[in-house]
Amino acid sequence: MIRITYVTITYNAAKVLQRTLDSVLEQDYHDIVHLIIDGASTDDTLKIVDDYIARSNAAENGHRIQVMSEPDKGIYDAMNKGLRSLDGDYVCFLNAGDFLPAPNIVSSIVETLTSSLSPHSSQLPAVLYGDTDIVDGEGRFLHHRRLAPPENLTWKSFRQGMLVCHQAFYARTDFAIATPYDMQYRYSADVDWCIRVMKAADKEKVPMLNLKRVVANYTQEGQTTLHHRESLIERYRVMAHHYGHVQTFLMHLWFVVRALFKK
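Here we summarise the structure given alongside this text. From a predicted model like this one, the values you see are computed outputs, not experimental measurements. (Residues numbered from 1 in each chain as written. Predicted model: local features only at pLDDT ≥ 70, side-chain atom pairs only at ≥ 80, totals over all residues. Heavy atoms only, no water.)

### Here we look at the overall build of the protein
Next up, step 1: Along the backbone of the protein there are nine helices and eight strands.
Next up, step 2: Radius of gyration (C-alpha) of the protein: 18 Å, near the 18 Å computed for a compact globule of 263 residues.
Next up, step 3: Seen through its principal axes, the protein has C-alpha atoms that stretch 55 × 50 × 35 Å.
Next up, step 4: By the burial criterion, 50% of the 263 residues in the protein qualify as buried.
Next up, step 5: Working note: accessible area of the protein is about 13000 Å², and carbon and sulfur atoms make up 54% of it.
Next up, step 6: The averaged location of the 31 negative side-chain charges in the protein is 9 Å from the averaged location of its 28 positive side-chain charges. (Helix = DSSP H or I, 4+ residues; strand = E, 2+ residues; numbered from the N terminus. Rg over C-alpha atoms; globule rule 2.2 N^0.38 Å. Buried < 20%, exposed > 50% of the residue type's maximum accessible area, 1.4 Å probe, protein only. Areas by Shrake-Rupley, 256 points an atom, 1.4 Å probe, with all protein chains shown as cover. Lys, Arg positive; Asp, Glu negative; His and termini not counted. Charge placed at Lys NZ, Arg CZ, Asp CG, Glu CD.)

Quick look at the structure:
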């Protein structure tokens, strides 16, 4: 059995957390671990988590839920705590407010993965990746994500932007654990993390697998949206670090020109 671990970061997330937890609870796949890393919430977040654990136990769905609640130094510090607690085969960061699009999505991911494996090789892909839909604060569908994953993803693909949403990026746990989030970034360490995971995969010549389906619903009102300007500046820094200043500048110039012509 392939074990999938979801890591959900929370801090006073009671207003949006329920749909995230429900989407994992409803999965018909059994070998799921759900790590909830909470930053010492003072609202009803932990009460909702306790109810989630009780409902999961009653359902006897085979899911294992682990909770940690303590102060942290921000979302990426919390994500690193999640990385240090991992087991299983793949990890996906599914934050409060984001959710899985259907009860059979994990089953379909695992089915696609196992059918892709060669009879003569048991090596699992370094990354499983798919598409994302954007939802509003109430979880209602707004539109498909503008950036779509390429047929064959590489670490160089992100020169064109973050083509795979963080919530649709399943990293093999050994690569994930070896690649902690860089705490110098406040808003775009997820971009940097995905690139570094893919770089490591490329170095070891381990392939990545396109799942060719929507695997995540992303809530538009996240921290990156709230701090849009700061996030863009930081993302530019990330891209310049990995792809060079000249290439990053020229690519962003092209983004501007393209946007003007679309108007």
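### Regarding a nonpolar patch on the surface
Next up, step 1: Residues Val-246, Phe-249 and Leu-250 make up a contiguous nonpolar surface patch of roughly 320 Å² in combined accessible area.
Next up, step 2: Secondary-structure assignment places Phe-249 in helix α9 (residues 245–262). (Patch = residues over 30% accessible without salt bridge, like charges linked within 9 Å, V, L, I, M, F, W, Y side chains within 5 Å. Salt bridge = Lys/Arg side-chain N within 4 Å of Asp/Glu carboxyl O.)

### What to know about helix α1 (residues 14–25)
Next up, step 1: Between the first and last C-alpha of α1 there are 17 Å, a value that for twelve residues agrees with the 16 Å anticipated at 1.5 Å per step.
Next up, step 2: Those residues of α1 that sit buried are Leu-17, Arg-19, Thr-20, Leu-21, Ser-23, Val-24 and Leu-25.
Next up, step 3: Packed against the buried residues of α1 are β1 (4–10), β2 (32–38), α2 (45–59) and β8 (208–219). (Expected span 1.5 Å × (residues − 1). Contact = heavy atoms within 4.5 Å.)

### So, the packing of aromatic side chains
Next up, step 1: Summed over all chains, the structure comprises seven aromatic pairs.
Next up, step 2: Between Phe-93 and Tyr-181 the ring centres are 5.4 Å apart and the planes differ by 85°, which places this aromatic pair in the edge-to-face class. Remark: Tyr-181 occurs in the loop between α5 (173–177) and α6 (189–203) and Phe-93 occurs in strand β4 (residues 90–93); sequence separation between them is 88 residues. Assigned by exposure class, Phe-93 and Tyr-181 land together as buried.
Next up, step 3: The interplanar angle of 5° and the centroid separation of 5.6 Å between the aromatic rings of Trp-155 and Tyr-243 together place this pair among those described as stacked. Pair noted here: Trp-155 is in the loop between β6 (141–144) and β7 (169–172) and Tyr-243 is in helix α8 (residues 228–243), with a separation of 88 residues, a long-range link. With respect to class, Trp-155 is no different from Tyr-243; both count as buried.
Next up, step 4: In textbook terms, an aromatic cluster arises when at least three aromatic residues are bridged by ring pairs, as seen for Tyr-76, Phe-93, Phe-169, Tyr-181 and Trp-193.
Next up, step 5: The aromatic ring of Trp-155 is capped on one face by Lys-199, whose charged end is 4.7 Å from the ring centroid. (Phe/Tyr/Trp six-rings, centres within 6.5 Å; stacked < 30°, edge-to-face > 60°. Lys NZ or Arg CZ within 6 Å of the ring centre and 35° of its normal.)

### Digging into the pairing of β8
The two faces of a sheet get side chains in turn, since along a regular strand they alternate between them.
Next up, step 1: Of all twelve residues in β8, nine are buried; the element is thus mostly enclosed.
Next up, step 2: Sheet topology note: the strand β5 (residues 127–135)/β8 ladder contains eight bridges and is parallel. Across the sheet, residue Leu-128 finds its bridge partner in β8, namely Leu-209. (Pairing = 2+ DSSP bridges.)

### Examining the nonpolar core
Next up, step 1: If you look at the biggest cluster of nonpolar residues, it comprises 76 residues, and the most contacted ones within it are Tyr-6, Val-106, Phe-158, Phe-169, Tyr-170 and Trp-193.
Next up, step 2: Of the residues forming this core, the biggest block, eight residues, is contributed by α6.
Next up, step 3: Not counting residues up to four positions away in its chain, the partners in contact with Tyr-6 are Ile-32, Val-33, His-34, Leu-35, Cys-92, Leu-94, Leu-100, Val-106 and Tyr-170. (Core = buried A, V, L, I, M, F, W, Y, C linked by side-chain atoms within 4.5 Å.)

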